[in-house]
Amino acid sequence: TAEVMSHVTAHFGKALDECREEAGLSTDVLDEFKNFWSEDFEVVHRELGCALICMSNKLSLLHDDTRVHRVNMLDYIKNFPNGEVLSEKMVTLIKNCEKQFDNIKDDCDRTVKVAACFKADAKKEGIAPEVAMVETVIELY
Ligand code: B8M
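Everything quoted here is computed from the prediction, not taken from an experiment. (Residues numbered from 1 in each chain as written. Predicted model: local features only at pLDDT ≥ 70, side-chain atom pairs only at ≥ 80, totals over all residues. Heavy atoms only, no water.)

Undergrad: Would you mind showing me how to read the pattern of salt bridges here?
TA: A side chain of one charge can pair with a side chain of the opposite charge if their charged atoms are brought near each other. On inspection of all chains with the given rule, the structure shows twelve salt bridges. Linking Lys-95 and Glu-98 is a salt bridge whose minimum nitrogen-to-oxygen distance equals 3.0 Å. With Lys-95 and Glu-98 both in helix α5 (residues 87–100) and three residues apart, the pair spans about one turn of that helix. One connected set of salt bridges, linked through shared partners, spans Glu-32, Lys-34 and Glu-135. (Salt bridge = Lys/Arg side-chain N within 4 Å of Asp/Glu carboxyl O. Helix = DSSP H or I, 4+ residues; strand = E, 2+ residues; numbered from the N terminus.)

Undergrad: Teacher, can you tell me more about the packing of aromatic side chains here?
TA: Geometrically, a pair of aromatic rings is defined through the distance of the ring centres and the angle of the planes. Counted by the stated rule, this structure contains six aromatic pairs. Ring centres of Phe-36 and Trp-37 lie 5.0 Å apart, and the angle between their planes is 90°; on these two criteria the pair is classed as edge-to-face. Take Phe-36: its relative accessible area is 4%, and that puts it in the buried class. Taking 5.2 Å as the distance between ring centres and 90° as the angle between the ring planes, the aromatic pair formed by Tyr-76 and Phe-80 counts as edge-to-face. Each member of the pair, Tyr-76 together with Phe-80, is buried. Through a chain of ring-to-ring contacts, three or more aromatic side chains come together here, namely Phe-12, Phe-33, Phe-36, Trp-37 and Phe-118. One cation-aromatic arrangement involves Lys-119 over Phe-36; the distance from NZ or CZ to the ring centre is 5.8 Å. (Phe/Tyr/Trp six-rings, centres within 6.5 Å; stacked < 30°, edge-to-face > 60°. Buried < 20%, exposed > 50% of the residue type's maximum accessible area, 1.4 Å probe, protein only. Lys NZ or Arg CZ within 6 Å of the ring centre and 35° of its normal.)

Undergrad: Mind showing me how you'd approach the packing of helix α3 (residues 46–58) against helix α6 (residues 107–124) here?
TA: Each pair of packed helices gets described by two things: the angle between the helix axes and the distance between those axes. Two elements in contact, α3 and α6, have axes separated by 7 Å at closest approach and are oriented at 90°. When the interaxial angle is binned, α3 and α6 end up roughly perpendicular. When α3 is examined against α6, the residues Arg-46, Leu-48, Gly-49, Cys-50, Leu-52 and Ile-53 are found in contact with a partner set consisting of Asp-107, Cys-108, Asp-109, Thr-111, Val-112 and Ala-115. A class-by-class count of the residues in the contact of α3 with α6 yields seven nonpolar, two polar and three charged. (Axes fitted to C-alpha atoms, helices over the stretch in contact; angles between N-to-C directions. Parallel < 35°, antiparallel > 145°, perpendicular 65-115°, else oblique. Contact = heavy atoms within 4.5 Å. Nonpolar A, V, L, I, M, F, W, Y, C, P; charged D, E, K, R; others polar.)

Undergrad: Before we go on, may I ask you to explain the site of the ligand in this structure?
TA: Among the 16 residues in the neighbourhood of the ligand, the closest are listed as Phe-12, Phe-36, Thr-66, Met-90 and Glu-98. Within the contact set of the ligand, an oxygen atom lies 3.3 Å away from a backbone nitrogen or oxygen of Thr-66. Expressed as a share of its isolated accessible area of 480 Å², the protein-covered part of the ligand is 99%. Here the shell around the ligand is built from residues that sort into ten nonpolar, four polar and two charged. (Near = heavy atom within 4 Å. Polar contact = N/O pair within 3.5 Å; in protein donor to acceptor, adjacent residues only side chain to side chain. Areas by Shrake-Rupley, 256 points an atom, 1.4 Å probe, with all protein chains shown as cover.)

Undergrad: Whenever I open this one, helix α2 (residues 16–23) confuses me. Can you help?
TA: Three or four residues apart is the spacing at which side chains of an α-helix point the same way, because the helix has 3.6 residues per turn. Where α2 is concerned, the buried positions are Leu-16, Cys-19, Arg-20 and Ala-23. Buried positions in α2, seen along its axis, are confined to an arc of 130° and lie on one side of it. In α2, the exposed positions angled more than 90 degrees off the buried face are occupied by Asp-17, Glu-18, Glu-21 and Glu-22. Here the buried face of α2 lies against α1 (2–12) and α3. (Arc of directions from axis to C-beta.)

Next up, the structure:
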């Protein structure tokens, strides 16, 4: 659900600043991670892909080839309130998006495409949170 996704986003987003420098992601492109879900935010910058890899690696959510580690991701999501209702759905959506862009060799380029695909599909599935929803839980993490 969008509620659960707001918790995941609030927690995951905490790693953004630790990854900015190594990813070369400026605050002009993305100031706070919650804005990832904004209608106005286009998921297009290669540097965001690099940042998502860095952030995911801090939580051990990826394999060495940067594809999502299914078991670790399920465990991670299940730790949030009602996480078990979102975990399988979320991993399925990401894996489906990974498949669509498997031909892109550059890890950062591929990951930003996967992230854009995931955002679009999450909206279609009604599990994308509003930025305001993320704001209400950000203080918990
Ligand atoms: C990575 C899980 C964190 C979820 C927080 C919300 C949105 C972020 C979306 C990007 C997901 C892309 C994952 C990268 C997979 C690379 O194959």
